[in-house]
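Fold and contact review
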Amino acid sequence: MLTGAALAAIGFFAGSANAADLKADIAADYGYLEGLYKTLHANPELSFMEVETARRMAAEFRKLGFDVTEGVGKTGVVGVMQNGDGPVVTLRADMDGLPVAEQTGLAYASKATGENRFGEVQPIMHACGHDVHMTSLIGAARQLVERKGEWSGTLILIAQPAEEIGLGARAMLDDGLYERFPRPDYVVALHDSASLAAGKVAYTPGWALANVDSVDIYVRGIGGHGAYPQTTKDPVVIGASIVTALQTLVSREISPLEPAVVTVGAFNAGAKHNIISDEAHLQLTVRSYTDEVRARLLDGIQRIARAQAASAGLPEDLYPRIEIEEDYTPSTYNDPALAERLAGRFRDRFGEENVIQADPVMGGEDFAWYGRLEPKIPTMIFWIGAVAPGKVAAAQAGGDPLPSLHSPFFAPQPRPTILTGVEAMTAAALDLLQPAISE
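Residues numbered from 1 in each chain as written. Predicted model: local features only at pLDDT ≥ 70, side-chain atom pairs only at ≥ 80, totals over all residues. Heavy atoms only, no water.

1. Let's talk about the packing of helix α9 (residues 235-253) against helix α10 (residues 291-311)
Running from N to C, α9 and α10 cross one another at 145 degrees; their axes reach a closest spacing of 9 Å. Considering how the two elements wind past one another, α9 and α10 form a crossing that is right-handed. Listed contacts from α10 to I238, S241, I242, A245, L246, T248, L249, V250 and E253 of α9 are R296, L297, G300, I301, R303, I304, A305, Q308 and A309. In the contact of α9 with α10, the residues fall into 11 nonpolar, four polar and three charged. (Axes fitted to C-alpha atoms, helices over the stretch in contact; angles between N-to-C directions. Helix = DSSP H or I, 4+ residues; strand = E, 2+ residues; numbered from the N terminus. Left-handed = near helix turned anticlockwise from the far one by under 90°. Contact = heavy atoms within 4.5 Å. Nonpolar A, V, L, I, M, F, W, Y, C, P; charged D, E, K, R; others polar.)

If you want it as structure tokens, here you go:
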């Protein structure tokens, strides 16, 4: 086994000359990466329809010498490179765009339309920065291949479909990702941020993103004329009671120390002023971190909906029908030791002032699945700033608000965002792809 001194001599550690040259080498490669980014941005595809995107990612992997498998989890791509003994490290990027009509005004803005998996034609945009993620992955792979003398182990690249609908990671895992290919010791991903200045990196140890559940409540009633409500059982009133009562789930049944969200995003009923309908439809998003809180929220929603129907005098055969989507996005847990280890590497590369420990958020990311299957694998997703620093400062001073992710106006500042993404992903891989040290 190589000693620590021997590893340092061949450049395995952050102080090596090769690592010191990394920033310059990535900058020199930016022309290639910019072309790739603009091509990906202008040609987005919807979830599980990423045929051309997957083909391009597979071609990029092959050019670099990876052993490539396509069609994993429908349109996913896996690249494997073995480079001696050592850990197995997976780097993941997601590929799908969103059904959004781009309004950025960029010269390379998407004008694409296409069918979703249900056959509906929709506009398409990379409004969440998956084009940045893919470009950062390819940029990191290009640097790691050039630096094969600096690391030892197995590097796996994943181009994942269908993150936007929360199904792609699970589809790849169900298709044998951890059985058909080397099982990783670590899985790492990045995500761009629409509120963080380009050039900065943010990370969150522990819980980072939430469980995301979608719930439909079909409130039934007995319809009739609006002038004679006493002859009806009004589902709008029952639905309104459900909406109000649901607020007590978080405020009175979940500990104030446990994050939880129950939001009614849609309430639809009726068709005319003077008709009491016989059904109302509520659509909920439910967010949590722990499996225990998730179960309490989902059980509580069902209990409250039925109780409100009972209080209105409905018979049991007219109690609300409640549908909880079976496919949900689980909460993302960043392994604390891995998160702090990589944050230290980021501080070395970008400076203390440019690496931020961020609060967890209630958004969701299906990256969580990579660390969920037993035996559990340490995983980490981190954020890179994508906004011009001047715009961030202006927004914080009360100026124009920043476009959010999924906005038709969201446009990352390409050069600093991509350079930071490539450098952070490369540095993370170099840190993890080291053989065990014995003195």
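2. Some points on the environment of S407
As for its placement among the helices and strands, S407 is situated in the loop between α12 (389-396) and α13 (414-432). The class of S407 is buried, set by a relative accessible area of 11%. In the structure, S407 is positioned 45 residues away from M362 in sequence and 18 Å away in space, judged by C-alpha atoms. Setting aside residues up to four positions removed in sequence, S407 forms contacts with M125 and A127. (Buried < 20%, exposed > 50% of the residue type's maximum accessible area, 1.4 Å probe, protein only.)

3. So, the environment of G149
By secondary structure assignment, the location of G149 is in the loop between α6 (130-146) and β6 (153-160). Classification of G149 as exposed rests on a relative accessible area of 54%.

4. So, the nonpolar core
F61, F66, L91, F346 and F382 are the most contacted members of the largest nonpolar core, which has 57 residues in total. If you tally residues by element for this core, the top one is α13, at nine residues. Not counting residues within four places of it along the chain, the set of residues in contact with F66 comprises F61, G79, V80, M81, A141, V145, L155 and L157. (Core = buried A, V, L, I, M, F, W, Y, C linked by side-chain atoms within 4.5 Å.)

5. Quick word on the pattern of salt bridges
All told, the structure shown has 22 salt bridges when counted by the stated rule. Its salt-bridge partner being R92, residue E365 comes within 3.0 Å of it at the nearest N-O pair. Of the two residues, E365 sits in the loop between β17 (355-357) and β18 (379-387) while R92 sits in strand β3 (residues 88-94), which places them 273 residues apart along the sequence. (Salt bridge = Lys/Arg side-chain N within 4 Å of Asp/Glu carboxyl O.)

6. Considerations on the UniProt feature "domain: Peptidase M20 dimerisation" (unreviewed entry) in the protein
With numbering aligned to this structure, UniProt lists the feature "domain: Peptidase M20 dimerisation" (unreviewed entry) at residues 212-309. Secondary structure across residues 212-309 comprises 39% helix and 34% strand; the distance between its end C-alpha atoms is 26 Å. (UniProt positions renumbered as here; feature names shortened; annotations may be inferred.)

7. As for the sheet that holds β3
Spatial ordering of the open sheet is given by β1-β2-β6-β3-β7-β18-β8-β17, a layout of eight strands whose pairing is mixed. If you trace the sheet from one side to the other, it starts and ends with β1 (67-72) and β17, each paired once. In this sheet, neighbouring strand axes are inclined to one another by 25 degrees on average, regardless of whether the strands run parallel or antiparallel. Pairing of strand β2 (residues 76-83) with β6, which is carried by seven bridges, proceeds in the antiparallel orientation. Of the residues in β6, the one forming a bridge with V78 is I158. Seen against the sheet, α6 touches β2, β3, β6, β7 (186-197) and β18 and runs at an angle of roughly 150 degrees to β3. (Pairing = 2+ DSSP bridges.)

8. Regarding the side chain of T90
Positionally, T90 belongs in strand β3. The class for T90 is buried, based on a relative accessible area of 2%. With near-sequence residues (within four places) excluded, T90 lies in contact with I156, I158, P184, Y186, V187 and V188.

9. Side note on the sheet that holds strand β15 (residues 321-324)
Taken in spatial order, the four strands of this open sheet run β12-β14-β10-β15, and their pairing is antiparallel. Pairing within the sheet leaves two strands with one partner each, and these edge strands are β12 (260-269) and β15. Neighbour-to-neighbour, the strand axes of the sheet open up by a mean angle of 20 degrees, direction not taken into account. When β12 meets strand β14 (residues 279-288), the two strands line up antiparallel, connected through nine bridges. Looking at β14, one finds that V262 is bridged to V286.

10. Focus on the UniProt feature "binding site: Mn(2+)" (unreviewed entry) in the protein
Mapped onto the present numbering, the UniProt feature "binding site: Mn(2+)" (unreviewed entry) falls on C128, H130, E164, H191 and H406. Spanning 279 residues, the named residues form one tight spatial group whose C-alpha atoms are at most 13.2 Å apart. With respect to the secondary-structure elements, C128 resides in the loop between β5 (121-123) and α6. Apart from residues lying up to four places away in sequence, C128 is in contact with L98, H133, E164, H191, D192, L405, H406 and F410. Its place among the elements puts H130 in helix α6. When neighbours within four sequence positions are excluded, H130 is seen to be in contact with D94, M95, D96, E163 and E164.

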